[in-house]
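Spelled out, the chains give:
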Amino acid sequence: MLKKAEAQQQELEWVSIEALVPEKHLLRKVDQTVDFRFIRDRVKHLYCEDNGRPALDPVVLFKLLLLGYLYGVRSERQLMREVEVNVAYRWFLGLKLRDKVPDASTLSQNRRRRFAESRIYQEIFDEIVLLAVKKGLASGTVLYTDSTHLKANANKNKFDLAEVAVKPAAYLAALDEAISEDRAAHGKAPLKDKPAAPETKQIKVSRTDPDSGYMVREGKPQGFFYLDHRTVDGRHAIITDTHVTPANVHDSVPYLGRLDRQRERFGFTIRAAGVDAGYAAASITQGLEERNIYGVIGYRTPTHRDGYFYKRDYRYEEKLDVYSCPNGQLLSYRTTNREGYRQYHSNPEQCRHCPVRQKCTQSANMTKVVTRHVWEASRERIDQHRLSRVGKRIYKRRKETVERSFADAKQLHGHRYARMRGLTRVQQQCLLAATAQNIKKIALLLSKTGPKMPPSLLQTLLSAYIGLLRRYRQLATAPTT
């Protein structure tokens, strides 16, 4: 029987906002898991205690910001309209059904003025990571790092060309020391001091957002972007670090420094790290070994000229410190250059009559030169990790953690675009997005499994494997009697 519907919107009902929010709603789980009152103590020094108009509670303010990132609402004005009609949002913020919703300008002006230079965004993120550690959801034993691009709010066709000084890499001091030691070990004199003329390069600078960087990468869109360098824990993909750079900064540049930051801030004992081939550099592998971290790095396809031998066809003989060419000739050490590469030269008299010389070299002096970085041994050792049973499991887990984290961020939390301009503001955006993702994951995990999580099988297996590896190395280096 078809019954005519009667409008009942004008009827008065005695209801409680508490009863209108479903028991299994995500915000109920978040409210039970995270106590946001610590924010008030962290920002107290930014408010006047006895003068001015009453301010919006900072706990409510940051809950509003996190709601926007939690549900992917990019516009602050749209967020206020959503809060006005969404009962669950009002309940989470502590607002009654008839309470007035704060104006969007209150949100934006506090963000632009009061908290512009504050570290509160980083402090909130760190506090949530520490909560995850306390609840047993993260340990820092195995970490995965990758980067993703965020499109800057800038037209890629509006730019100026500028000459900028090339910043020296942080590892150059250690590299210079390694070069000096290597030359001394081979009986070579130290290199002469290089003139202090600053090295420069020409880059594109956006007229709209000068802090962004022009990205030119194979398989990636060209234009002005930022890079979000994110690290996640291997247990449940809790985000433990997020760091923003212009898109023209290589992934490997901030990597080791961000690992050190996590060890110092959260007390992590990092046993292993998994990254893709973009981090396959001798400086990275050397840094991982110095930090006693079991690194697993993706395979990078070597550059190759058609018709010539691969570099792998030249075998390095460590005991003799020579290279053996495909025709059996030994290439002897000649020097170590300023870039940190040893040079091994062939005998031109032997190369002159070599039947495969055309596949080896076409130099005018009939000499083949093979280079080897002073830290190449560390890279070779870490490359072997990728082929081990534990290394394969670690690398397979990478796509399930950090790559999934980025996919969720882009699909669900509006992480495809930079909402604001300037490096500092984009850093704040990435911190809030990562905090929202962590809060969501922590709330869902604890609601299913309880407060304590057992260590994963991968971490247990890794600890046992590293212990055996260290024992083997000790036995190999122990003096024989």
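Everything here concerns the structure above.
Procedures and definitions
- Counting from 1, residues in each chain are numbered in the order their sequence is written.
- Residue-level local features of this predicted model are given only where pLDDT is at least 70; pairs of side-chain atoms are given and counted only at 80 or more, and the full residue set underlies all totals for whole chains, interfaces and linings.
- Side-chain figures throughout are based on the complete set of non-hydrogen atoms in the structure, without hydrogens or water.
- Numbering of helices and strands runs from the N terminus; a helix is a DSSP stretch of H or I covering at least four residues, while a strand is a stretch of E covering at least two.
- To sort residues, take the accessible area from a 1.4 Å probe on protein chains only and compare it with the maximum for the residue type: under 20% means buried, over 50% means exposed, and anything in between is partly exposed.
- Salt bridge, as applied in this entry: a Lys or Arg side-chain nitrogen positioned within 4 Å of an Asp or Glu carboxyl oxygen.
- The way it works is a 1 Å grid over only the protein atoms, where trapped points that fit a 1.4 Å probe form a cavity and open points with protein on both sides within 12 Å along at least five of seven lines form a pocket, and then any residue with an atom within 4 Å of a point lines it.
- Grid points are joined across faces, edges and corners, and a volume is the space filled by probe spheres set on the points.
- Note that Gly is not counted as nonpolar here; it falls among the polar residues with everything else outside the nonpolar set of Ala, Val, Leu, Ile, Met, Phe, Trp, Tyr, Cys and Pro and the charged set of Asp, Glu, Lys and Arg.

A.B. asks: What exactly am I supposed to notice about unusual backbone geometry here?
C.D. replies: Positive phi, close to 60 degrees, is recorded for Ala 237, a residue that is not glycine. By the element assignment, Ala 237 lies in the loop between strand 5 (223-233) and strand 6 (239-246). You can call Ala 237 buried: its relative accessible area is 9%. You will see that Asp 321, though not glycine, has its phi angle at about 55 degrees, which is positive. Looking at where Asp 321 falls in the secondary structure, it is placed in the loop between strand 9 (315-317) and strand 10 (322-324). Residue Asp 321 is classed as buried on the basis of its relative accessible area of 15%.

A.B. asks: Would you take a moment to explain the pattern of salt bridges for this structure?
C.D. replies: It is possible for side chains of opposite charge to pair when their charged atoms get near one another. Evaluated as defined, the whole model comprises 22 salt bridges. Between Arg 261 and Asp 126 there is a salt bridge; the shortest N-O distance is 2.8 Å. Of this pair, Arg 261 sits in helix 10 (residues 255-266) while Asp 126 is found in helix 8 (residues 120-134), placing the two residues 135 residues apart along the sequence. For the pair formed by Arg 261 and Asp 126, the shared burial category is buried.

A.B. asks: What is the right way to read empty space enclosed by the protein from this model?
C.D. replies: Unfilled space is identified by rolling a water-sized probe across the atoms. On inspection of all chains with the given rule, the structure shows 2 cavities of 30 Å³ or more. By volume, the largest cavity amounts to about 60 Å³. If one sorts the elements of the lining of the largest cavity by residue count, helix 4 (residues 58-70) sits on top with 4 residues. In terms of residue class, the lining of the largest cavity is built from 8 nonpolar, no polar and 1 charged. The volume enclosed by the second largest cavity comes to roughly 50 Å³. Around the second largest cavity, the lining residues are Thr 145, His 229, Thr 231, Asp 241, Asp 251, Pro 254, Tyr 255, Arg 258 and Tyr 279. Elements with a minimum of two residues in the lining of the second largest cavity: strand 5 and helix 10. For the lining of the second largest cavity, a count of residues per class yields 3 nonpolar, 3 polar and 3 charged.

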